[in-house]
Amino acid sequence: MRAILLNPGPVSLSDGVRRAVTRVDLCHREPEFFDLQDRVIKDLLEIYACDPAEWTAVLVGGSGTSAMEAMVASLVPRDASLLVLENGVYGERLSKLASIYGISYETLHAPWGDEVDLDALTELLASGQVTHVAAVHHETTTGRLNRVAEIASLCDQHNVQLLLDAVSSFGAEAIPFGNACLQAIAATANKCLHGIPGLAMVLCRRTALELDLEPRSLSLHLPSWAAAQAKRSTPFTPPVNAMLGLEQALQELHKQGGWEARRVRYRKLASDVAETLGNLGVQQWLPAEQSSCVLRSYHLPEGLTYDTLHDGLKQHGFIIYAGQGDFVEKLFRISTMGEISDYDMARLEQAFQTVIGA
Ligand SMILES: Cc1ncc(COP(=O)(O)O)c(C=O)c1O
């Protein structure tokens, strides 16, 4: 039986994407590959109607962390003063990257799952000491959707530049591309876009790429990737098959109504799961209105270990996801990204009833 992936990426693929990945053997130094690369860049910008005169999508081989790393390493100047907003694993990873690259940074820290304190952020920005903010849009640690519209508007007010980890939200949640502060967002093919792993991307304002900063990395230097891609080239071997899959996945996203329709679909699936679990006495970790459409966290039911829950559901053909760090024994996570049919949802309801309700 084909397992349905309810972990936050990689996702269950559509048949179209699965076929596209092996559609053709392509050399990455041939015009056919550069045509594909051009189309994918164009399609990525079209998801949120980003003006190609102002924005470009830089494709990089690697995982979501590679996109975060490329963004931080390439776009934060050496004399910058970075503020990292932390309320989960991925905010803390942004700080780790700043530390590895020797960037001067401070953190606005909140316990995992808590809200970013916008009053404290306002105060820090008003001090005039911060030049850049790095934030996570959807903190996949708990499913919290950070208030990125407010964060962007504060950054605009204080003339501070914003870098966003949108790895688990790009393609399904609203992103403030219209705010002048937003310089770049990090994303990946294998989450809300429904492609396969291996291809990361950073959507960048062209002005941010033109700063001519001294490189901190060879293989994750965004201006080099962008310059090569603009000349219908590529600096290194790119994940060609992941790009073939992503092109198909982006066509499917477009046909299905774009990111807003995807958000509606994910929200429906997430609230159906919450209702089934609620009827079985399983409580959500965060209120629905604070959670993303992509993923929600749930308290592990009393007397049931994560392993028993996971293994029981796996026998029914569903893969769920554990909590991270200290949350490993407290919560479990259900993502509703990927190709999930109504029939899969009906089977999932039965599986929950059997494994939890028994
Ligand atoms: C918000 C966020 N950022 C970054 C990452 C890292 O992505 P990867 O595991 O592909 O490196 C993830 C992974 O789930 C994520 O959810």
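Anything mentioned here points back to the structure above.
Residues numbered from 1 in each chain as written. Predicted model: local features only at pLDDT ≥ 70, side-chain atom pairs only at ≥ 80, totals over all residues. Heavy atoms only, no water.

1. Description of the packing of helix H5 (residues 118-126) against helix H6 (residues 148-157)
Basically, it comes down to this: For every element, the axis is a line fit to its C-alpha atoms; helices are fit only across the contacting stretch, and the angle between N-to-C directions ranges from 0 to 180 degrees. Strands are runs of DSSP state E lasting at least 2 residues, helices are runs of H or I lasting at least 4, and numbering of each runs from the N terminus. Orientation categories follow fixed angle ranges, with anything under 35 degrees roughly parallel, anything over 145 roughly antiparallel, 65 to 115 roughly perpendicular, and all other angles oblique. A clockwise turn of the near helix away from the far one marks a right-handed crossing, whereas an anticlockwise turn of less than a right angle marks a left-handed crossing. By definition, residues are in contact when any of their heavy atoms lie within 4.5 Å. Under the grouping applied here, Gly and all other residues not named as nonpolar or charged are polar, the nonpolar ones being Ala, Val, Leu, Ile, Met, Phe, Trp, Tyr, Cys and Pro and the charged ones Asp, Glu, Lys and Arg.
As a packed pair, H5 and H6 sit with axes 10 Å apart at the nearest point and diverge in direction by 15 degrees. By the angle between their directions, the pair H5 and H6 is classed as roughly parallel. Crossing handedness for the pair H5 and H6: right-handed. For the pair H5 and H6, contact is made by Leu 118, Leu 121, Thr 122 and Leu 125 and by Glu 150, Ile 151, Leu 154 and Cys 155, respectively. In terms of residue class, the contact of H5 with H6 is made up of six nonpolar, one polar and one charged.

2. Examining the sheet that holds strand E14 (residues 331-335)
This is how it is decided: Think of it this way: DSSP has to see at least two bridges between two strands before they count as a pair.
The three strands are arranged E11-E14-E13 in an open sheet whose pairing can be described as antiparallel. Every other strand in the sheet has two partners, leaving strand E11 (295-299) and strand E13 (321-322) as the edge strands with one partner each. Relative to E14, E13 runs antiparallel, the two sharing two bridges. From the neighbouring strand, Ala 322 faces E14, where its bridge partner is Phe 332. Sheet strands in contact with helix H10 (residues 258-279) are E11 and E14, and its direction is about 10 degrees off that of E11.

3. Concerning the pairing of strand E10 (residues 199-205)
For the record, the criterion: Each residue is assigned to one of three classes by its accessible area relative to the maximum for its type, calculated with a 1.4 Å probe on protein chains only: buried under 20%, partly exposed between the two thresholds, exposed over 50%.
Of all seven residues in E10, seven are buried, a share of seventy percent or more. Burial along E10 is two-sided: the face carrying Leu 199, Met 201, Leu 203 and Arg 205 and the face carrying Ala 200, Val 202 and Cys 204 are both buried. Across seven bridges, strand E2 (residues 55-61) lies against E10 in antiparallel orientation. Within the sheet, the bridge partner assigned to Trp 55 lies in E10 and is Arg 205.

4. Focus on unusual backbone geometry
Looking along the chain, the bond that leaves Gly 9 and enters Pro 10 is cis, with omega of -5 degrees. Structurally, Pro 10 can be placed in the loop between strand E1 (4-5) and helix H1 (15-21). The phi dihedral of Arg 232 falls on the positive side, at around 55 degrees, and the residue is not glycine. Residue placement: Arg 232 occurs in the loop between helix H8 (222-230) and helix H9 (240-255). Residue classification places Arg 232 among the partly exposed positions, given a relative accessible area of 33%.

5. Focus: the pairing of strand E4 (residues 105-109)
One ladder, built from five bridges, connects strand E3 (residues 82-86) with E4; its direction is parallel. The residue of E4 that forms the bridge with Leu 85 is Leu 108.

6. Details of empty space enclosed by the protein
For clarity, the threshold we go by: In this analysis, the protein atoms alone were mapped onto a 1 Å grid. Cavities are point sets where a 1.4 Å probe fits without being able to get out; pockets are open sets with protein on both sides within 12 Å along at least five of seven lines; lining residues have an atom within 4 Å of a point. Grid points are joined across faces, edges and corners, and a volume is the space filled by probe spheres set on the points.
According to the stated counting rule, one finds two cavities of 30 Å³ or more in the structure shown. The volume enclosed by the largest cavity comes to roughly 40 Å³. Looking at the largest cavity, the residues that line it are Glu 115, Val 116, Leu 118, Arg 144, Leu 145, Asn 146, Arg 147 and Ile 151. Computed from the structure, the second largest cavity encloses a volume of approximately 30 Å³. As for the second largest cavity, its lining consists of Leu 75, His 132, Gln 161, Leu 163, Gln 183, Ala 208 and Leu 211. Across the lining of the second largest cavity, the residue classes break down as four nonpolar, three polar and no charged.

7. Overview of the environment of Ser 217
Our working definition: Distance and chemistry together define a polar contact, namely a pair of N or O atoms within 3.5 Å, with one atom able to donate a hydrogen and the other to accept it when in protein, and with adjacent residues in sequence counting only for side-chain atoms on both sides.
Note on placement: Ser 217 falls in the loop between helix H7 (206-209) and H8. Note: C-alpha distance between Ser 217 and Gly 323 (106 residues apart in sequence) is 32 Å. Of the polar contacts made by the side chain of Ser 217, one reaches the backbone nitrogen of Leu 220; its length is 3.0 Å.

8. Considering the site of the ligand
Selection criterion: In these notes, residues near a molecule or strand are those with any non-hydrogen atom within 4 Å of it. Only the protein chains shown count as covering a residue, and every accessible area follows the Shrake-Rupley method with a 1.4 Å probe.
Near the ligand you find 13 residues, and of these Ser 63, Gly 64, Thr 65, Thr 140 and Asp 165 are the closest. Contacts to the ligand include Thr 140, whose side-chain N or O atom sits 2.5 Å from an oxygen atom. Within the complex, the protein chains bury 86% of what would otherwise be the 390 Å² of accessible surface of the ligand. Looking at the shell around the ligand, the elements with two or more residues in it are helix H3 (64-75) and helix H4 (89-100).

9. Notes on the state of the cysteines
Cysteine pairs can be covalently joined through their sulfur atoms, and such a bond is termed a disulfide. For clarity, the threshold we go by: Two cysteine sulfur atoms form a disulfide, by the criterion used here, when they sit within 2.5 Å.
All told, the structure shown has zero disulfides when counted by the stated rule. Left without a disulfide partner, Cys 155 is nearest to the cysteine sulfur of Cys 181, which lies 4.9 Å away. Cys 204 carries a free sulfur, and the closest cysteine sulfur to it, the one in Cys 50, is 11 Å from it.

Purely geometric numbers; function is a separate question.
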